[in-house]
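# Working through the structure, step by step
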Amino acid sequence: MRGDGSEAAGSFVADLVDELARQVEVRVVAPGPRQAREPWSARTEVFRYAAPTRPLSTLKPWRLDDLRWIRRVWLGGLRATSAAIAERDTDLLALWGLPCGEWVRRATRERGNSYSVWLLGSDVWSLGRLPVARQMLARVIRQAKHAYADGYKLAEEAQAIAGVPVAFLPSTRRIDLVDPLPPRREPPYRLLFLGRWHPNKGVDLLLDALTMLDDSDWEHIECVEIQGGGPLEPLVRQRVAVLREAGRPVKLGRFLTKPEAEAAIARADWVLIPSRIESIPVIFSDAMKLCRPVIAMPVGDLPRLMQETPCGILATTVTNEGLANTLRRATQTSATRFTSGIVSQATRFDLATITAKIREGTSSLGADQAGSD
């Protein structure tokens, strides 16, 4: 649950557990190298079930070894969940819908406890397309005391699956950097892309857009940092090399630890979100908490968020040309003009507020977390 910062979901869960443990005793069901029961902190205990080192979403049931792991994880997670609630009456929060939502549903059915479920896009947009998984997910949502989703559109689609209300509740992580310097009022600006080098995240669109900028555009840009890693690494390295040979100030990095990521955001003036597919990326809430405006594609919940409370500039189309035009607009205006909107957005993603909402209607709480990719 504590990693290198490259996995946003894992970081979010660890921070959520720490915040909940300030208020109540927490038990966590989580993957590990073997079945175990271990202390996490003075008020947190972890119940481990054995899981493979690679993400569970990569397991394929038609591969014999993977099928064995799927069965082992399913049974191990169910046993760990039952063990975590065996000694006390408690309400449970399932992160995420499947498989841990089903573990919690079965465990609470036997003991009469209630549970809540918090859904991610992988639950609804991936597993929700599979008939059997969709039926299981609908049952988990319908029988939950409270159902949440970490995106507006995601909540609407989850509600369509289950036929019951699903509330929006954003996932976010704690920011430890205190009092970062404000962004610059005028160019030249420092721009940052921080994320997976994957087609969904649009890093290739960003590189295309940077190539389309001319000398006069680059006069407004001090540097562009591209941090992260992923399957598009060969393309990213090749395209960055071409930009650098042309004299463009582009810096190529790597996956960053959480403190390194916070420092990278704080030294930028604009945070870039060129995604093709997105709900509400964790980099968005990180940028808001560190008072950085964003340059983003009009995908997922970003248009709604940014139109309700202006906190950056939204492209008009999800294309390299649309992004290039938006970069030109942003770098010719003041990066501080969105400060009031950014402060307002940051309150929406306050971790203490989110945990308070989770605890509403629950007398005590355990956390069930099944790992994510």
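What you see is a predicted model, and the numbers here were worked out from it, not measured in a lab. (Residues numbered from 1 in each chain as written. Predicted model: local features only at pLDDT ≥ 70, side-chain atom pairs only at ≥ 80, totals over all residues. Heavy atoms only, no water.)

### A few points about the overall build of the protein chain
Rule in force here: Helix and strand assignments come from DSSP, with helices taken as H or I runs of at least 4 residues and strands as E runs of at least 2, each series counted from the N terminus. Burial classes: relative accessible area under 20% of the type maximum marks a residue as buried, over 50% as exposed, and values in between as partly exposed (1.4 Å probe, protein chains only). Between two residues, a contact is recorded if the distance between any of their heavy atoms is within 4.5 Å.
Summing up its helical and strand segments, the protein chain has 15 helices and 14 strands in all. Seen along its three principal axes, the alpha-carbon backbone of the protein chain occupies a region of about 70 × 45 × 40 Å. For the protein chain, buried positions account for 53% of its 373 residues. Here the analysis covers contacts within the protein chain between residues at least 6 apart in sequence; of these, 67% occur between residues at least 24 apart.

### A closer look at the environment of Val-224
Assignment of secondary structure puts Val-224 in strand β9 (residues 221-229). Along the sequence, Val-224 and Leu-192 sit 32 residues apart, while their C-alpha atoms lie 5.8 Å from each other.

### Here's the deal with the pattern of salt bridges
Two side chains with opposite charge may pair up if their charged atoms get near one another. Spelled out, the test is: We define a salt bridge as a contact between a side-chain nitrogen of Lys or Arg and a carboxyl oxygen of Asp or Glu at a distance within 4 Å.
Tallying each qualifying case throughout the model produces 27 salt bridges. A salt bridge links Arg-37 to Glu-45; the nearest nitrogen and oxygen atoms lie 2.5 Å apart. Glu-45 gets classed as partly exposed once you look at its relative accessible area, which sits at 23%. Arg-63 serves as the salt-bridge partner of Asp-66, at 3.6 Å between the closest nitrogen and oxygen. Judged by its relative accessible area of 5%, Asp-66 is buried. Overlapping salt bridges, with partners in common, bring together Asp-15, Asp-18, Arg-174, Asp-176 and Lys-258 in one network.

### Here's the deal with helix α3 (residues 100-111)
Put simply, the rule reads: Take the number of residues in a helix, subtract one, and multiply by 1.5 Å to get its expected span.
Helix length check: α3 (twelve residues) gives 17 Å between terminal C-alpha atoms against 16 Å at 1.5 Å per residue, within 8%. Where α3 is concerned, the buried positions are Cys-100, Gly-101, Glu-102, Trp-103, Val-104, Arg-105, Ala-107 and Thr-108. Phi turns positive, to about 85°, at Gly-112, one or two residues after α3.

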